[in-house]
Structure formats: structure tokens, C-alpha cells
Amino acid sequence: MGRSSTTKDAQALFQSLRSAYVATPNNLKIIDLYILFALFTAVIQVGYMAVVGSFPFNSFLSGVLSCVGTAVLAVSLRIQVNKDNKEFKDLPPERAFADFVLCNLVLHLVIMNFLG
Amino acid sequence: MKVLSDSYPWKSDWSTMESLLTSFVRVNEVKQQRTTKTNPVIHETGEMEVIEEVVLEIPALTFEGMSINEIPSISIYQSVGGIKEVVGESRPKMDELEITQLEMPVLDESNLEEPDLRDCDMEFSAIRESILEEFIVDEQQFASLEINGVDEEIEMGWKEMDTHHVLKLRANSVGKWLWIKMTFVQTNVKDLLSPNSIDQIISFSVFVLQIAKDVPPDIDVPPDLFMVHISRHYMELKLQPFDTGWKNWKRHLVQLVSKDFDDRWSVDDRVQEFTRSATRGRIMNQVANQLRPNPAKVPNEGGYSLLESTASMAVQETPQSAIFRHAFGNVIAFTVLLLIGVIAFSIRLFSVIKYESVIHEFDPYFNYRVTQFLTKSGVYDFWNWFDDRTWYPLGRVIGGTVYPGLTLTAGTLWRILNSINIPLSVETVCVFTAPIFSAFASWATYLLTKEIKGTGAGLTAAALLAMVPSYISRSVAGSYDNEAVAIFALIFTFYLYIKTLNTGSLFYATLNAIAYFYMVCSWGGYTFIINLIPMHVLLCIVTGRYSSRLYIAYAPLVVLGTLLAALVPVVGFNAVMTSEHFASFLVFIIIHVVALVYYIKGILTPQMFKVAVTLVVAVGLIFCFAVLAVLIALVASSPTKGWSGRSLSLLDPTYASKYIPIIASVSEHQPPTWPSYFMDINVLAFLVPAGIIACFLPLSDASSFAILYIVTSVYFSGVMVRLMLVLAPAACIMSGIALSEAFDVFTRSIKFHLVGATQKPQDNVKKPSLVSRVEQRLLVLPLETSLMAVFLLVLLGAFYVVHCVWAAAEAYSAPSIVLTSRSHDGLHVFDDFREAYAWLSHNTEVDDKVASWWDYGYQTTAMANRTVIVDNNTWNNTHIATVGTAMSSPEKAAWDIFNSLDVKYVLVVFGGLVGYPSDDINKFLWMVRIGGGVFPHIKEPDYLRDGQYRIDNQATPTMLNSLMYKLSYYRFVETDGKGFDRVRHTEIGKKHFKLTHFEEVFTTHHWMVRIYKLKSPRNRIRGKTKKSKSKSSSANSSKRSATRKKNPWQ
């Protein structure tokens, strides 16, 4: 009884999650995809490190942090361009994107320097 | 359905009120509501803590009209300290509704002169936009409205402003509540209870709904509950319709009102009138005006005329004066900042004026030497610099072990100056780096405090920081040390963090990471930042202040900051390997989880979210435990549990004294004494608590950061006197806030008295009701008190300035390589250190090694350019212990140790002749301790007589035979015949002795530095082998090898 109600709840939850997510605009979905891709790359690198070893530690570190940093910055961008987010309604999406590019530029300059 | 036909709500009496209520009340639901004596108002935000409240409770209201006799009751509760008592209870019969006479004066005009348009004109356009945007949208987005006319930020929730009108208006259809909050000047409850006020509340609901415009055609389902909540500081109206009835109900109310006034006024006029009356002509009036560019005719009716005139007066003077005031204010602020910079720079020049333009103390000499190398050889050679002049025979990789921020800064400064043909020497640039950066630091303080509490507090804090003694002690001209630039970097990083937090801009987040990089370059104290900011983030999350701005301020900083920190060679992989940084990663994970939760909460309906929470909690807990276990394993597996000795000694103040004597031996690592607080931050110590209180009113993200900063830095300063430097900016910020708030209150009171007295003297005579007088007293302080308080505050400031100038001039300007003393026969200058170093550089070979206690290592390499064994970078404890052992050993053993290290000269500092207290004899016990820590045959009790450290004839033989004693007091008795030590104030124990293995080569003018040369082994052998020449060489060599084996350092 409890189990069936739990699964029912879970089903309903996924249903509503999906329906809520379908409603998000396409540009946000693209950003989501980008974030997922970055995270996936990070996971691959961590897996590789676990199998092979972390010898050039700075390379490993810069690889993983590049992915994580990209994901974090994309999340920030997503927060800023999200129309539902009242906190950033004054911020034009162009400005948000310019900031995003600048931050990425700094991040990857640092990473190139650190890559060794 | 009944629509009111009376002139609601313009007639301000209870009958109107009742007729209104009558139209709302349905009788059959009354009973159960009546039994509920407790206040049924649900505080959604949970923020409403009121001391005294009166609840007018009208249960179970509907639109079905009833006759007046059917109204069950209107109860008015007053709750004092949580206990409710019934102030009045009205029966529907008219005679019992005389409740108005229960000491409830009508709205008092004395409150009307309060409108203070200073603040609100700035935010006004923002308010207007928020209304327009929030309300003229479809039903789904009709989420919330809040108008807040005084505070900068328009945020949800209730703000208590003691001295302001605050109007808060909030409608929320998602939670099926509509509530409107108005906050007034500390109005008495009884005032608020006047019929006028009730009208106003209802008017407001109408106003809101009128703006909301979304009116569906059919009206069927009535609202469930209608409630008015009035407290000391605010009034609140809540309407809870049924889910489906919301729209209908809204339309009904609009109809209800518009029916009444169609003949005379347009809806807009009514809105204006409502709002004007309700807010006593302040904020909402402006809102109404802005909504409608052409204000229509201003109706004059009844008791509202005065309100109107006040309001229109206020509106008239707003635009022009505001522009002038702001332009003028900006110019003044800029000038003041410039002057603050000049003060910060010039107050630090006492050392140059009183002594000379010279580098101070110990560490600055090393930095100076590194800078010289940098300017001579360039950056790339600097990174690869292996210094063979120190830590002989080990050497030291300078490029990889030094925080390069300071030297790079000064080097760049020098390069720029030279490229524009200002030929300054490197030394001059180094001397003046610290004063320049303290000016920058005070400007950074201005920016930070401005973000926290506004311009006034910013200027005050900057002025205080420009001359806080604690910071002066580290940044006088010539004190060329890391802290000089690090404090600027620290404050600036905090500023950018707060700025990012307030704006949510990725641009500032990037700048923040770069500023953090500069801080990492500059000082090991960067760990303070990377722990304090996560602490603040955690605090925000725990107290429910999470916002997406917080995410943007924190998450990019961690990633970028970690990478940038790893770029600095001295930090390197420590940025991800040591426990100092783990807190930031942990919080990094936490903030992502929280962000995800908030996101899901945003897209799900509340019911579904509840389901999700119950589902996730079980899984989430297990996951959290797993993460925690992994983290603990990581920490446990890292070397020294990931903590460095200095950090551990911060967390456990007794750690250093127990395990690491080399940290404990430095005087600036000792806990401070109480007088040193007064000396270093002076009156700020008393102002800080006031500043903390001011930060709580109201508590914002930024001010909570300031509180966290002061609390942690107070703790750290209590552990280590050196960290007083971190406390100083926090104390300045807090005191700046406190002073500025205090001045604000007092000057406003003075202005109120001066302006108010001339404007309406007759009003005060006419209406001397007790209530209004009490109110005024609450609002403003008496004139005399205010004047007196302002005078005292200025006096306090003057005292602070005098103390700071004294501290800068007398206490903290001594360069410590040149000493002066004032006595009855004039000024004495002791320049012995430079004399000795000059002797060394002129009279010894370039490659000779000089042994001394580590304090003088940096100076010897920088000034005498000779190789030293140990220096102030105490990276190798064993090496220092070797020197300590040599100094505590008898002459011969010491000679062996020194000889094995290729030492040619031994330098000791001796203050016994002139009374210079920080000489080597006073440091000797530390040498014993540090030496004994590595070589157990040196035991501290051997040097103490009954636990007392003494050098007179009671001293132990070990003490009297130690090398340090002999080198210090050799020939000392020849000075006065008695051998009286002026530091220890005793006669020395062993007066006449000869040195066998060392010979004196140089003693400075005041005997402060004495240099000895190791006798060469050949001479010694010749002297000894006079008797038996034959077996000289073999015996001696075997003997020497034997002694070597016994030598502890091998």
C-alpha cells in the first residue's frame, strides 16, 4: 500500500516535473544542455583520473575545473536570462551574455596558463 | 448582492465601517470564529514580531449582506507581551459601538510633518516601475507587490524602521492571500485604530485590486476570510478567497467602490485620494502622481485637506532640490575622499621626517632585496631565483617560496616611474609603497561600507581607517611588508564580493576573483577570505536568505579563485590539497544543492514540491552521509590532517606554544593584552558594538557579512596580536556605521526642532494630546540632548585623531634599525646595526658565512651582502635548532658546529650597555628551547636556577659557560669595572674570562652588535701541540673526528 502510493507519488512528481520543464523557453533548454555536457565531460575526466591516475596533476585539475567552471558560469547565465527570475529583470540578456563571455575568457586564460 | 450606497469610505465613523462590514458578514459562520480568541492572523513570512498589537477581527465575511443587527461582534484585542486582553468589544447595536471614544483620538496631524522625502525620491522611479510591472500582468504573474519607500532595496518582508514612514504593500495571489502592509511612524496603536485608518486599510485593498485590473465577468464565490491586523507599527489586511473565487471577488470589490464615486470622481482620482490619505501624503501620493502624469483636480473634502496640502507641498519641492543635493553631495564626497587619501598617506610619513627614508625592521629588508633582484633581472629570473646567500648550505628557492604580490607591485611601480622619466631609486619606491596603498585601502573601505550602509557610513569608515593605529603600525613609510598591500587587497576583495552579492553581476564576480588573486599573491592571510566568504554563504543559506545573486557571487569565485590561487607558486596545489580550502569546496557543493532545490521549488506546485521533498529526503540523507564520509577521508589522508601549523594555532590558541616553539617565539604571534586593543584601535573598540546593532537594523546580506567579519576577526585578533591588523578594517567599518547612524539621528532631531518650531508652533499648542507628545519623543530627541550628543561625538572623534597622530608620530615610526633615546642631556642616536653591517661588508670576504640568530638573517644578507646560516624565513626548523644548539653549547662544541657549517663570523646583539631590551640574551631561552626541541641534550632546566632565568652569580654553570653568554659579556667588565647589565639590572655572574675558540673582531660604538671570528683550527693545534709535536696530527685528527661524531647536528 505504502509502496504503491510512493510510486504513484513519484510518477506524479515526474509527470509534473516534465510538464513544468517542457514549458521553459528554448534558449534556456540550450543552456541546460550545455551545462549537462560540461558536467558530463568533467565526470569523464574524473573517471579517467580514477583509472589511469592523476599524474600531471595540474593538467587534471585544469581540465576538471575548466568543465566545472564552464558549467557554473552557464548556470549563472541561465539565472540571469531567465525571465521568471524577478531579481534580474533589469538586466538585458545582451549584458548578461557579455559578462558571461568575459568571465569565460578570464577562466580559460587562467586554465591555459595553468595547464603546464 | 448588496453594493454599498453610502459614501463609503469617506465618512470616517463607525457607522460607515459597520455598514461596510454588514455587507461582508454571513451569520451562520460566526459562532466558531468568535470562540477563537487568539489572533488568527497567519504570518506567512513569519517576520512580524510585535510587542503590542490590536486585532480587529471580523470572522467569516462574505458579500452576502446582512442587516446591522445581525453582526455578531467586533472584537478588539490588545496583546501586550504575548498576553491578549480585550480592549473593546462591540455589539452590533449602535450605542455599544461607542468604542471610538475609548481614548482613540482621531488621526493626529502632528505626525504629518514627518514626511521625509530625502530618501524616497531616489527610489521612487523604481517603486513605480515595480508597481507597474508587478501588477499589470496576467493572473499567473500577479505574485507580489511591495512598496517600500525608504529603504534602498525592494525586498519581501517586513522591515522595522523606527523613525520612518514605511509603506509595504503586498498582494499575493499564488498563496491565495492578499495582504497589504503599511508601516507608519511609530504611531500609537490607538491612533491607528481610528475609523480613518480602518477606512484607509480598506481603501488600500481597493487600490491594489483596482490596479490589478484583471476582472473576470462572473462573480459567484465569495471570499472566505477577511481580516484586518493592526499593530503598533503596521496595518495589515488579508483576504483569503477560495481558489476559484479569487478573480470574481476582486471584481466585486472594484465594483463596490466604483459604484460609489462614479458621479463625482474618476477611479484614478479616488486612487490618489485613498493613497494620499492612507500614507499621510507621502509615498503613495507620489506613486499615484507617477501613475498619472497629469494630476487631476485635487478634491477638497473633510479632514483630508490638510493632508493634501502637506503632500502637494512635499511633491513640489522634490525634483529640483534633489538634483542639486545629489550633485553637491557627490562633489563633497569626492573631495572628502581625496582628503582622506592625503591624510592616509601623510600621517605615515612621520618615520621619514623624524628619521630618514629607510627600510624598517627585518622582513622589509628581505622584500627590498627581492625587489632589487626583480628590477635588475626581470620577472622570469625572479621566478627561478635560487638564493645561495642564505640557509647555507641549503639555499632557498625564493621564487617558489615567497608571496610575490608586494615585490611585483613595487617593481611595477618603479618600472612605470622610470619609464616616464622619474628616476627614483628602488629603495624610495619601496619606502613609499605602504603609504600609497594605505590610501587605496581607505578608499576601498569607503566602497565596502557604502555597499553595506550607504555613503555617509562609507566616508566615516574611510576616515577612521586612514588613521587607525593598528594599520599605521604596519604601513608607515619604510615598513615595506606584505601587509602593506594585503590589507588593501583584503578590503577590496570583500568590497567586490558584496558588490557582486548586491548586483548579481558576473562582471563583478570576475573582478572579485582577480582581486582575490592579488590577495593570494600578497599575503598568507588570504585563507581568511576563503574561509570567511563560505561562512557567510552558509549563514545566508541557513537563515533562508539564499538568492541567485548569492550563487553568482560565490560559485564562480570558488572555481576561478582556486585556479588563480594555484597559479601562485607558493600556494600551488595547496589550493586544493589543504584543509584551509576545504570549507570553500564543501560550501560550493552545498550551494549547488540549495540552488537546485530552489529551482525545483520554483517550477513545481507546492503540493508536488512537498511530495518531492518527502521522496528526496531519504535518498538525500544517504547521499549527504556518503559525501561527508568521503570528505572526512580526504581530510584525514592529507598530510598533517591538511592543516598548517599557523592555521592550527589559530583554531587552538595553545597549539603553537605546545608544539611549535618557532611560531610561539615570535612576539607578534602572542595573544594581545587588553591595553594593546586600546592602543591599536582606540575608541573604535567602544563604537564597534553600536555598529553591530546598527547592522541589524535592518539586516541585509551585506550587513550580515560585516557582522560575521567583525566577529571572526575579533576572535583571531585575540589569538595572535599580529592579526589585530585584520580586525582594524572591520572595527573601522563598524564604527563608521555607528557614528554615521548616530549623527543621522541627532542631526535629524536638530533639524526637526529648528524647522518644525518655526513652521507650526500653533499646532503644538492646539493639540497637546498625550499621545502626540509621546510620539514626538519617540521620533526625535530633545534639542539640547542632540546638540550635546553631537558635541560629544565630535569630541570623541577629536580624541581618536589626537591618539592616532601620537601613535603614528611616537609609537610606530621607529625603524628599529636606528634607535633613538631621549634623555636629559639630549637626543642619542644608536646606529650600531648599520655600523656592524657596514663593517661586515667592508672587512670580510664576499663568500664568508656569518652565523647569528635568525632575526638578523634578512638584514645581514640585504645590508652586508654576506651569506647567512638561518634567516627570518623560518622554513627549516632543524637548521635553526642547530644554530640554537651552538649558541647554547660551551665554546668548543659551538666551535665544532659552526666550523662544520663553514661559518667564519658570529654576530651577537647585546643591549646590556645601553639598555636595549630585545637583545640576544633575552632571546636566549628560545634558542635553548628550539635547539632542545631537536637535540635533546640541550635541556631548558640546565639554564634556569629554580625556574628563574638569571645571568648574575646565581646563574647555572651551563648558562655561564654557554657561547651566547660568553660572546655577549666578553670584556664587558672593562666598561664600568663591575659588569652591570642595564637590561637585566644585575651585575653579571662571570666577569673575567677568556675566549679560546673565538676572537673578537669588531664591537660597535654602543656595544650593541659584537662580531667574533672563529679561530682557525691550525692556530689552535699549534698552541696545543707545543708539548708533544710528534703525535700532533694523528691525535688531533682522530680527536676531531670523535667530537664530530658526538656532534648532535650530524
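Owing to the predicted nature of the structure, the values given are computational and were not obtained by experimental measurement.

Structural notes on the pairing of strand β11 (residues 826-830) of chain B
Every other side chain in a regular strand lies on the same face of the sheet, so the side chains alternate between the two faces. Residues and elements named next belong to chain B. Bridge count between strand β10 (residues 819-823) and β11: 5 bridges; the pairing is antiparallel. Its bridge partner lying in β11, T820 is registered against V829. From the end of β10 to the start of β11, which pair antiparallel, there are 2 residues.

A look at the pattern of salt bridges
Residue and element names in this part refer to chain B. Under the criterion given, the structure shown has 25 salt bridges over all chains. Among the salt bridges present, the one from K923 reaches D855, with a minimum N-O distance of 2.5 Å. Residue K923 is found in helix α39 (residues 920-934), and its partner D855 is found in the loop between β12 (849-851) and α36 (857-864); the two are separated by 68 residues along the sequence. Here K923 and D855 have matching classes, each one buried. R971 is the salt-bridge partner of E1000, the closest N and O atoms lying 2.7 Å from each other. Here E1000 is found in strand β17 (residues 998-1003), whereas its partner R971 is found in the loop between α41 (963-969) and α42 (973-976), with 29 residues between them in sequence. Classification of R971 as partly exposed rests on a relative accessible area of 28%.

Regarding helix α14 (residues 405-419) of chain B
All names here are of chain B. Taking 1.5 Å per residue, 15 residues should reach 21 Å; α14 reaches 21 Å between its end C-alpha atoms and fits that length. The secondary structure elements touched by the buried residues of α14 are α11 (363-377), α12 (379-383), α15 (426-453), α18 (482-503) and α19 (506-522). At the exit of α14 stands N421, carrying a positive phi of roughly 60°.

Comments concerning the packing of helix α3 (residues 57-81) of chain A against helix α21 (residues 548-567) of chain B
The interhelical angle for the contact between α3(A) and α21(B), taken along N-to-C directions, is 160°, at an axis separation of 10 Å. By the angle class used here, α3(A) and α21(B) are roughly antiparallel. Where α3(A) crosses over α21(B), the handedness of that crossing is left-handed. Where α3(A) abuts α21(B), its residues A:S62, A:L65, A:V68, A:G69, A:V72, A:L73, A:V75, A:S76, A:I79 and A:Q80 lie against B:S548, B:Y551, B:I552, B:A555, B:P556, B:V559, B:T562 and B:L563. A breakdown of the residues in the contact of α3(A) with α21(B) according to their chemical character gives 12 nonpolar, 6 polar and no charged.

Brief notes about the side chain of A:R78
Turning to its location among the elements, A:R78 is positioned in helix α3. You can call A:R78 buried: its relative accessible area is 8%. Setting aside its immediate chain neighbours within four residues, A:R78 contacts A:Y21, A:T24, A:L28, A:I31, A:D32, A:I35 and B:Y599.

Definitions and cut-offs
- Residues numbered from 1 in each chain as written.
- Chains lettered and ligands numbered in written order.
- Predicted model: local features only at pLDDT ≥ 70, side-chain atom pairs only at ≥ 80, totals over all residues.
- Heavy atoms only, no water.
- Pairing = 2+ DSSP bridges.
- Helix = DSSP H or I, 4+ residues; strand = E, 2+ residues; numbered from the N terminus.
- Salt bridge = Lys/Arg side-chain N within 4 Å of Asp/Glu carboxyl O.
- Buried < 20%, exposed > 50% of the residue type's maximum accessible area, 1.4 Å probe, protein only.
- Expected span 1.5 Å × (residues − 1).
- Contact = heavy atoms within 4.5 Å.
- Axes fitted to C-alpha atoms, helices over the stretch in contact; angles between N-to-C directions.
- Parallel < 35°, antiparallel > 145°, perpendicular 65-115°, else oblique.
- Left-handed = near helix turned anticlockwise from the far one by under 90°.
- Nonpolar A, V, L, I, M, F, W, Y, C, P; charged D, E, K, R; others polar.

Distances and angles like these do not, on their own, reveal function.
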